[in-house]
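Summary of structural features
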Amino acid sequence: MSIEHRDDTGARFGMWLFLYTEVILFSGLFILYAMALAKYPQEFAEASHKLNIYFGTINTIVLLTSSLTIALAITAIQRNKIKQTLTLCIVTIVLAIVFLINKYFEWSAEISHGIYPGSNHMAELGPGITAFFNLYYFTAGLHGVHILIGGTLIGVVAAMVAKGKVTSDRYTLLENSALYWHLVDLVWIFLFPLYYLIL
Amino acid sequence: MAEHQHEPVPYKTFILIWVVLLVLTVVTIAVSRIQLDALNIWVALAIASIKSSLVVFIFMHLRQESKLFKIGLVTLLVIVAIFIGLTFTDVLYR
């Protein structure tokens, strides 16, 4: 019997602690949002109408589904179904890419309408609408960076699963990547109604 | 094996939760199209909170974790509440 230090529960708890700091990071942005909303309720509603609800809805469905596939991947690896685990990881990564492609088209359309921080068009729209879009680009942008990181992480861990370095006996790395991915989903669950659905 | 491992959550459970999450998404969108004035934002936040609890407890396996993890979550929520609450004692009474 080899002597080896191992603490899976500790590793998971460490990941949770890190995710709490991520929540605090995003909650700072949501506080800014709440303050600006309290100050400019009319302008926020007007600005929200300029966002494309279809892009928002499709991306919500994409992210919820990717959260499902990575959750299923954990069950698959626990049951030692390596092929299924890999398929589910790859589907998750593909959904992450779909999300980013959607974001690309969404932002391209908005930018082509002159809606981006610092544009002349934004200056004409006034401070309330400008506050909305600055926060929108920053929050959604930071969220997009998290998608990129999470997707990459899952890709790396999937490669380790394929090589047999992450196994049904030892899969904390996959669990922690999945936890990170779910956090990305959680942020979007709040971001979507707050930015796209204001009346 | 000294390491304690979780029982695998059946595929069916995850798929069921996913369906509920999609239904709640439709509900959020539907409710957001009805004019309820200030109530709209609270309804949206309430539904988002239900959705996130499902993700946290089922998808993230918090239900299966020890008490320590749950205390951690409560601590986080208290910190965020203080963070938001104290900010608003300033913002609302300027």
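Heads up: the structure comes first, above all this text.
Residues numbered from 1 in each chain as written. Chains lettered and ligands numbered in written order. Predicted model: local features only at pLDDT ≥ 70, side-chain atom pairs only at ≥ 80, totals over all residues. Heavy atoms only, no water.

**Here we look at a nonpolar patch on the surface**
Keep this limit in mind: Note that patches include only residues with greater than 30% relative accessible area and no salt bridge, and the join distances are 9 Å for like charges and 5 Å for nonpolar side chains (Val, Leu, Ile, Met, Phe, Trp, Tyr). Note on areas: Shrake-Rupley with a 1.4 Å probe; residue coverage comes only from the protein chains shown. Salt bridges are defined by distance alone: a side-chain nitrogen of Lys or Arg within 4 Å of a carboxyl oxygen of Asp or Glu. Numbered from the N terminus, helices here are DSSP runs of H or I no shorter than four residues, and strands are runs of E no shorter than two. Only protein chains enter the calculation, and the probe is 1.4 Å; a residue is then buried if its accessible area is under 20% of its type maximum, exposed if over 50%, and partly exposed in between.
Taken together, the side chains of A:Ile24, B:Ile79, B:Phe83 and B:Ile84 make up a nonpolar region of the molecular surface, amounting to roughly 300 Å² of accessible area. Ranked by residue count, the leading element in the nonpolar patch is helix H3 (residues 67-91) of chain B, at three residues. Among the structural elements, B:Phe83 can be located in helix H3. Taking the relative accessible area as the measure of exposure, B:Phe83 reaches 35% and is therefore partly exposed.

**Some thoughts on helix H3 (residues 53-78) of chain A**
Residues and elements named next belong to chain A. The condition is simple: Take the residue count of a helix, subtract one, and multiply by 1.5 Å to get its expected span. Here a polar contact means two N or O atoms within 3.5 Å. Within protein one must be a hydrogen donor candidate and the other an acceptor candidate, and residues neighboring in sequence count only if both atoms are side-chain atoms.
Here H3 spans 38 Å end to end across 26 residues, near enough to the 38 Å set by a 1.5 Å rise per residue. In terms of burial, H3 is a largely internal element, 22 of the 26 residues being buried. Looking at where H3 begins, the residue whose side-chain oxygen comes 2.8 Å from the main-chain nitrogen of Tyr54 is Asn52. Phi turns positive, to about 65°, at Asn80, one or two residues after H3.

**Considerations on the interface of chain B and chain A**
To be explicit about the condition: It only takes one pair of heavy atoms within 4.5 Å for two residues to be counted as in contact. Joining two parts hides part of their accessible area as seen by a 1.4 Å probe, and the buried area is that hidden amount summed over both. In this classification, the charged set is Asp, Glu, Lys and Arg, the nonpolar set is Ala, Val, Leu, Ile, Met, Phe, Trp, Tyr, Cys and Pro, and all remaining amino acids, among them Gly, are polar.
In this complex, chain B contributes 47 residues to the contact, which on the side of chain A involves 51 residues. Between chain B and chain A lies a buried interface of about 4,400 Å² when both sides are counted; carbon and sulfur atoms form 74% of it. Connecting chain B to chain A are one salt bridge. Salt-bridge contacts for B:Glu65 lead to A:Arg12; the nearest nitrogen and oxygen are separated by 2.7 Å. Counting across the interface, chain B meets chain A through eight residue pairs in polar contact (both at pLDDT 80 or more). Of all elements in the fold, only helix H1 (11-32), helix H2 (39-59) and H3 of chain B reach the threshold of two or more residues within the side of chain B that touches chain A. With 12 residues, H3(B) is the largest single contributor of residues to the side of chain B that touches chain A. Looking at the side of chain B that touches chain A residue by residue, the classes come out as 31 nonpolar, 11 polar and five charged.

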